[in-house]
Structures are given as C-alpha cells and as structure tokens.
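# Per-entry structural report
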Amino acid sequence: MKKILFVGLCFLISLSNSYAQRFGYIDSQVIIEQLPEYNEAEQKLKKLTDKWLTQLDGMKAEIADLERAYAHEEILLTPEMKKEKLDKIADLKKEMREFQTNHFGYEGLLYSKRMEYMKPLQDKISQACQTVARQKKLNFIFDKASDITLIYSDPKYNYTDFVLDELGEGDPEDSPR
C-alpha cells in the first residue's frame with residue numbers, strides 16, 4: 001500500500017512540474033536606450049520640438065508686442081480701433097492655444113510623431129522577445145519598465161541581455177547562454 005501511495009505521489013509531483021509555467025522579465029527601457037534607432041528618433045523629435053517651441057515663442061513675442069503697443073496707444077485710439085486691436089490680440093492668443101494643443105497636446109503632432117518613430121522599435125523588441133521566449137522555453141515575459149510592477153525579481157530570470165543579444169546590441173560576455 002505504501003508503495004502505491006509513494007508511486008502515486010511521485011506521479012502527481014512530476015505531473016505538476018510538467019505543467020509549471022516559466023516566467024522571465026525584461027527591462028524594455030534598458031533595451032530601447034541601447035538601440036541606435038532610438039537615439040536617431042529622439043534627435044528627430046528634439047528637432048521638431050525645438051522648431052515648434054521657436055514658433056510658439058515667436059507667437060508669444062508677437063502677442064506681447066501688440067499688447068505693449070496697445071497699452072501705449074490706448075488713449076489715442078477710437079473705440080472702433082480699440083476693438084479692432086483687442087480682437088487681433090484675442091485672435092492671436094486663440095491661434096497660439098490651438099497651435100499648442102495641435103502640436104503638444106494629448107494626441108497632438110508630437111505624440112503622433114513619437115508613436116510613428118517608436119512603433120518600429122517596439123515591433124523589433126517584441127519580435128526579439130518572442131524569439132528569446134521560444135529559445136528559453138518561457139511561457140511569459142514581463143516588462144519591468146511598463147505598468148506591470150515587479151516588487152521583487154530574481155536576477156537569474158532577467159532576460160534583457162538575451163533580447164539585446166538577439167537584436168545584436170548586447171555584450172556577448174554579459175549574458176551567459
């Protein structure tokens with residue numbers, strides 16, 4: 001009876017081990033920062049941002065100049081001229097706010113350009129993760145840099161270096177196979 005119980009217990013333990021899930025994690029921020037394409041994308045975004053900020057500064061300066069000129073001339077202006085100048089200032093302020101919203105707001109041009117530049121990098125990392133997961137027989141890979149928070153992670157399950165190696169950006173001496 002004890003032998004049957006022992007064999008049954010061994011069978012259950014081996015069965016549970018065969019269905020065990022294998023997990024790993026990466027740090028996509030570390031990976032993406034080491035890709036040369038990321039630096040190129042960041043430079044393009046910086047140039048666009050600087051260009052748009054210069055335009056925005058020009059708009060602000062123009063509005064400030066008009067407001068100063070209005071303050072100096074206000075006494076000499078007729079009511080119609082005052083209204084005309086105030087309307088022009090209001091229109092320029094509205095135009096400036098629209099420019100800010102269209103370029104820097106939620107889902108503005110900066111956001112869409114960032115997505116446009118980052119999508120190929122994210123696809124490349126995703127493909128490399130799939131390859132590493134198949135090679136290492138992992139069921140799941142979590143991203144330490146995303147919204148999923150890891151409170152503790154054993155470094156032996158960190159597959160960031162393997163993904164970097166798969167992308168050809170890693171240090172071969174850094175990640176044991």
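Here goes a summary of the coordinates provided.

The rules behind the values
- Residues numbered from 1 in each chain as written.
- Predicted model: local features only at pLDDT ≥ 70, side-chain atom pairs only at ≥ 80, totals over all residues.
- Heavy atoms only, no water.
- Core = buried A, V, L, I, M, F, W, Y, C linked by side-chain atoms within 4.5 Å.
- Buried < 20%, exposed > 50% of the residue type's maximum accessible area, 1.4 Å probe, protein only.
- Helix = DSSP H or I, 4+ residues; strand = E, 2+ residues; numbered from the N terminus.
- Contact = heavy atoms within 4.5 Å.
- Salt bridge = Lys/Arg side-chain N within 4 Å of Asp/Glu carboxyl O.
- Polar contact = N/O pair within 3.5 Å; in protein donor to acceptor, adjacent residues only side chain to side chain.
- Axes fitted to C-alpha atoms, helices over the stretch in contact; angles between N-to-C directions.
- Parallel < 35°, antiparallel > 145°, perpendicular 65-115°, else oblique.
- Left-handed = near helix turned anticlockwise from the far one by under 90°.
- Nonpolar A, V, L, I, M, F, W, Y, C, P; charged D, E, K, R; others polar.
- Expected span 1.5 Å × (residues − 1).

## Re the nonpolar core
- Ile 31, Ile 125, Val 163 and Leu 167 are the most contacted members of the largest nonpolar core, which has 18 residues in total.
- Looking at this core, the elements that each hand over two or more residues are helix H2 (28-34), helix H5 (109-135) and helix H6 (160-166).
- For this core, the element with the most residues is H5, which contributes 7 residues.
- The contacts of Ile 31, once residues within four sequence positions are left out, are Ile 26, Ile 125, Thr 160, Val 163, Leu 164 and Leu 167.

## Considerations on the pattern of salt bridges
- Evaluation of the coordinates by the stated rule reveals 9 salt bridges.
- Residue Lys 124 is joined to Glu 37 by a salt bridge in which the shortest nitrogen-to-oxygen separation is 2.7 Å. Of this pair, Lys 124 sits in helix H5 while Glu 37 sits in helix H3 (residues 36-73), placing them 87 residues apart in sequence.
- Since its relative accessible area comes to 29%, Glu 37 is described here as partly exposed.
- For Glu 67, the salt bridge goes to Lys 93, with nearest N and O atoms at 2.9 Å. Within this pair, whereas Glu 67 is found in helix H3, its partner Lys 93 is found in helix H4 (residues 79-104), the two being separated by 26 residues in sequence.
- Relative accessible area serves as the criterion here: at 33%, Glu 67 is assigned to the partly exposed category.

## A closer look at the side chain of Thr 49
- Following the sequence through the fold, Thr 49 ends up in helix H3.
- Exposure remark for Thr 49: the relative accessible area of 18% places this residue in the buried category.
- A polar contact is formed between the side chain of Thr 49 and the backbone oxygen of Leu 45, at a distance of 2.7 Å.
- Dropping the residues within four chain positions of it, Thr 49 is found in contact with Phe 104 and Leu 110.

## What to know about unusual backbone geometry
- You will see that Glu 107, though not glycine, has its phi angle at about 60°, which is positive.
- Along the polypeptide, Glu 107 turns up in the loop between H4 and H5.
- Exposure remark for Glu 107: the relative accessible area of 52% places this residue in the exposed category.
- One non-glycine residue, Lys 137, adopts positive backbone phi at about 55°.
- By secondary structure assignment, the location of Lys 137 is in the loop between H5 and strand E2 (140-143).

## A few points about the environment of Lys 137
- Residue class for Lys 137 comes out exposed when judged on its relative accessible area of 62%.
- Along the chain, Lys 137 and Gly 24 lie 113 residues apart, while their C-alpha atoms are 10.0 Å from each other.

## What to know about the packing of H3 against H4
- Running from N to C, H3 and H4 cross one another at 165°; their axes reach a closest spacing of 10 Å. Compared by their axis directions, H3 and H4 come out roughly antiparallel. Crossing geometry of H3 relative to H4 is assigned as left-handed.
- Of the residues in the contact of H3 with H4, the class split is 13 nonpolar, 4 polar and 9 charged.

## Quick notes on H3
- In a regular helix each residue adds 1.5 Å, so 38 residues correspond to 56 Å; H3 covers 56 Å between its end C-alpha atoms and thus fits that length.
- For H3, the complete set of buried residues consists of Tyr 38, Ala 41, Leu 45, Leu 48, Thr 49, Trp 52, Leu 56, Met 59, Ile 63 and Tyr 70.
- If you follow the buried residues of H3, they end up packed against H2, H4 and H5.

Keep in mind these numbers describe shape, not what the thing actually does.
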